[in-house]
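Reading the structure
Now for the letters of each chain:
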Amino acid sequence: MALLKFSPMAYIKYFALNAPMILAAFVIFASAFNKDIKGLIFMAGAVIIMFIGQFISSSLGRTPPKNIDLAACNMFSSSGWGFEWSAPAPNALFLAYAATYFIAAMAFHQNFNWALLGMLIVIMATNAGFRLKLLHCGTSIDLLFGWTFGIIWGILWYGCMAMIEAQHDGAISLTYFGDDSSGDKCKLTKKKFKCRNI
């Protein structure tokens, strides 16, 4: 029986299960369109936490359930994290990091995007539900490990980027939802008015 059929539920499953890849592609393309490095900064944090997650998974040594759908749960690997070890859940780790990074930016800049906030919560919930109940990729403990480590790293990575921004007095923009309505930054120094696009 095919995992996806041509029906509305098939599309929901597809987007829910592939949410990390879709989100990663979106932030990279958005950075390219907006001519900024915010997406690259976000993805650097994601790459770091995924490497840390792979190390943590072998240290925790939690094995996946016996009835796991290995092909659907692990599209890019054939051993290690996801096959031999299940905690922290990789998708939960990435999505919790992403949600925390974006929510921290919204809270810090007092610029809430309620539609994005709602979408992130729905994506996290549906991804977790499908991966736990439909594919048996892990257990709820694996999911909690993923969410916990993702939330911690999201706060730490955002905090580091916000500190770098603060040290440069807003001359660079590394995080989302700030006050930069355009890419031009201007300042008055020694009776000269300078603008530059960053």
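Residues numbered from 1 in each chain as written. Predicted model: local features only at pLDDT ≥ 70, side-chain atom pairs only at ≥ 80, totals over all residues. Heavy atoms only, no water.

For the rest of this paragraph, the subject is the overall build of the protein. What the protein contains, in helices and strands, is 7 helices and 2 strands. Secondary structure elements in the protein, listed N-terminal to C-terminal, are α-α-α-α-α-α-α-β-β. Taken over 198 residues, the protein has a buried fraction of 39%. In the structure as shown, the protein presents an accessible area of about 11700 Å², 69% of it carried by carbon and sulfur atoms. (Helix = DSSP H or I, 4+ residues; strand = E, 2+ residues; numbered from the N terminus. Buried < 20%, exposed > 50% of the residue type's maximum accessible area, 1.4 Å probe, protein only. Areas by Shrake-Rupley, 256 points an atom, 1.4 Å probe, with all protein chains shown as cover.)

Let's shift gears to the packing of aromatic side chains. Taken as a whole and assessed by the stated rule, the structure comprises 11 aromatic pairs. Considering the side-chain rings of phenylalanine 145 and phenylalanine 149, the 6.1 Å spacing of their centres and the 10° angle between planes classify their relative orientation as stacked. Placement of the pair is phenylalanine 145 and phenylalanine 149 together in helix α7 (residues 140-167), with a separation of 4 residues, close to one helical turn. Under the relative-accessibility criterion, phenylalanine 145 is labelled partly exposed at 27%. Members of the aromatic cluster, each reached through a chain of ring pairs, are Phe42, Phe94, Tyr97, Tyr101, Phe102, Phe108 and Tyr158. (Phe/Tyr/Trp six-rings, centres within 6.5 Å; stacked < 30°, edge-to-face > 60°.)

As a further point, take a nonpolar patch on the surface. Nonpolar side chains collect at one region of the surface, where Tyr11, Tyr14, Phe15 and Ile22 lie side by side and expose about 410 Å² of accessible area between them. Here the nonpolar patch gets 3 residues from one element, more than from any other, and that element is helix α1 (residues 8-17). In this fold, tyrosine 11 is placed in helix α1. (Patch = residues over 30% accessible without salt bridge, like charges linked within 9 Å, V, L, I, M, F, W, Y side chains within 5 Å. Salt bridge = Lys/Arg side-chain N within 4 Å of Asp/Glu carboxyl O.)

Given 3.6 residues per helical turn, the α-helix brings residues three or four places apart onto the same face. Taking 1.5 Å of rise per residue, the 28 residues of α7 would be expected to cover 40 Å, and the 40 Å separating its terminal C-alpha atoms lies within 8% of that figure. Within α7 the residues assigned to the buried category are Asp142, Leu143, Gly146, Gly150, Trp153, Gly154, Trp157, Tyr158, Met161, Ala162 and Glu165. Looking at the buried residues of α7, the elements they touch are α3 (38-60), α5 (90-109) and α6 (114-134). At the exit of α7 stands aspartate 169, carrying a positive phi of roughly 50°. (Expected span 1.5 Å × (residues − 1). Contact = heavy atoms within 4.5 Å.)

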